[in-house]
Amino acid sequence: MDEPRPASVRASQRDRADRITALMNAARQGSDDAVGEMVTEFSPLLWHVARAAGLSSGDAEDVLQTVWTRLLEHLDEIRTPAALGGWLVVTAKREAWRVRAAERKQVPTDTDAFAELPDKGSGSEERAILDDQSRTLWAAIRQLSPRCQELLRIIAFVPQADYAAVAAKLGMRIGSIGPTRGRCLAKLRAVLADGLEGNPL
Amino acid sequence: MTPRGPGIEPPADGPMDDVDFGLLDDIQELFEAIDPMPADLPERIRFSLSLRDLETEVARLADEDLSAVGVRGAESSRTITFDSESLTIMIRIDANTDGTVRIDGWLAPPQRREIEMKTTADPLSVSSDEQGRFAFSRVPRGTAQLTVRPAGPKQSGAGPAVVTPALIL
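From a predicted model like this one, the values you see are computed outputs, not experimental measurements.

### Focus: the overall build of chain B
At step 1: A count of helical and extended segments in chain B gives two helices and 11 strands.
At step 2: The buried share among the 169 residues of chain B stands at 42%.
At step 3: Intrachain contacts of chain B at a sequence separation of at least 6 include 45% that bridge at least 24 residues.
At step 4: Accessible surface, chain B: about 8800 Å² in total, of which carbon and sulfur atoms supply 52%.

What follows is the structure in structure tokens.
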């Protein structure tokens with residue numbers, strides 16, 4: 001059931017690069033509208049970066065505020081439109097680590113990166129909103145290492161045009177013709193193909 | 001979801017194919033369903049970023065009081081107090097019958113100021129009187145934010161502009 005990709009993703013990489021370049025130039029000249037457009041486009045990705053790092057909703061919102069404020073201070077250092085997504089993701093990850101580290105000092109906690117997701121509860125909420133196929137996928141994702149869970153969640157929100165730039169920033173290997181599948185996607189495909197043996201839903 | 005191939009693990013160092021991209025789409029949908037970003041978050045971020053160049057004092061929420069008036073629960077009145085170093089801003093929010101809200105405000109110490117309200121539609125502007133009173137008769141519901149500026153251009157001794165955090169009407 002492949003949904004058609006949104007127009008922003010379907011557009012050629014060239015069009016997208018031109019558009020992001022124009023937004024960045026306008027933002028440098030102080031256009032609130034251009035900044036707003038970037039915020040609207042990239043915030044969902046940054047939300048999932050922060051939440052995948054294990055932050056509460058409130059902390060994740062603070063991280064996003066910080067990242068966008070910082071972007072406006074550092075716009076001149078981001079040279080290419082493709083670098084914007086990578087810069088935002090890395091800055092959000094760093095800020096999320098910083099917040100987590102500060103919290104660990106204050107309150108001893110052993111919550112893992114997915115502590116707040118519905119699977120820790122009764123599961124009724126999750127069952128209510130997910131169809132069978134999504135539940136199968138969710139169960140498969142949860143069999144992966146925490147690092148793979150975090151990585152896949154982040155790159156799932158990266159527009160295909162930005163994929164190589166962001167993947168490189170996240171330490172994934174880029175092959176001669178583009179990003180490679182990587183250990184996490186390969187493992188996920190294997191888990192799904194095995195039909196989740198021994199892991200009834 | 002995307003149809004999968006036979007049950008063998010594909011090479012991790014192989015190039016990404018349509019199955020991989022389909023899976024990533026499915027993962028995106030999954031997390032949008034179980035842990036969506038708050039829908040109004042980008043709007044709130046835009047709001048606070050738009051204030052970045054103002055030389056301002058930021059007021060903080062000091063008190064919020066919800067009191068139901070009238071018989072029906074929907075007809076309620078909220079009183080909110082914001083404090084900054086130089087100014088206290090108190091506003092009362094009442095529902096209008098047409099779906100908008102009315103805002104009555106008071107500045108302490110009392111003084112003439114320009115009061116701007118950013119809303120989800122166009123910004124609104126009024127002045128406070130000598131007693132520090134001001135009113136917006138019809139404000140659209142949604143995110144809003146008040147900025148209190150000196151009454152005249154470069155008025156001496158008027159103090160800095162004061163902004164409140166975004167509030168939801």
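### Describing the state of the cysteines
All names here are of chain A.
At step 1: Counted by the stated rule, this structure contains one disulfide over all chains.
At step 2: Linked covalently through their sulfurs, Cys148 and Cys184 form a disulfide whose S-S length is 2.2 Å. On the S-S bond that ties Cys148 to Cys184, the torsion sits near -75 degrees, and the link is left-handed. Here the residue Cys148 occupies a position in helix H8 (residues 146-155), and Cys184 occupies one in helix H10 (residues 182-193), the gap between them amounting to 36 residues.

### Overview of the interface of chain A and chain B
At step 1: At the junction of the two partners, chain A supplies 57 residues and chain B supplies 43 residues.
At step 2: Interface area, chain A with chain B, both sides summed: about 4500 Å², of which 65% is carbon and sulfur.
At step 3: In this structure, the connection of chain A to chain B is made through seven salt bridges.
At step 4: Asp20 of chain B is the partner of Arg189 of chain A in a salt bridge, and the nearest nitrogen-oxygen pair spans 2.9 Å.
At step 5: On the surface where chain A and chain B come into contact, there are 14 residue pairs in polar contact (both at pLDDT 80 or more).
At step 6: The set of elements that each furnish at least two residues to the side of chain A that touches chain B consists of helix H3 (32-52), helix H4 (57-74), helix H7 (132-141), H8 and H10 of chain A.

Conventions we followed
- Residues numbered from 1 in each chain as written.
- Chains lettered and ligands numbered in written order.
- Predicted model: local features only at pLDDT ≥ 70, side-chain atom pairs only at ≥ 80, totals over all residues.
- Heavy atoms only, no water.
- Helix = DSSP H or I, 4+ residues; strand = E, 2+ residues; numbered from the N terminus.
- Buried < 20%, exposed > 50% of the residue type's maximum accessible area, 1.4 Å probe, protein only.
- Contact = heavy atoms within 4.5 Å.
- Areas by Shrake-Rupley, 256 points an atom, 1.4 Å probe, with all protein chains shown as cover.
- Disulfide = S-S within 2.5 Å.
- Buried area = accessible area lost by both parts, 1.4 Å probe.
- Salt bridge = Lys/Arg side-chain N within 4 Å of Asp/Glu carboxyl O.
- Polar contact = N/O pair within 3.5 Å; in protein donor to acceptor, adjacent residues only side chain to side chain.

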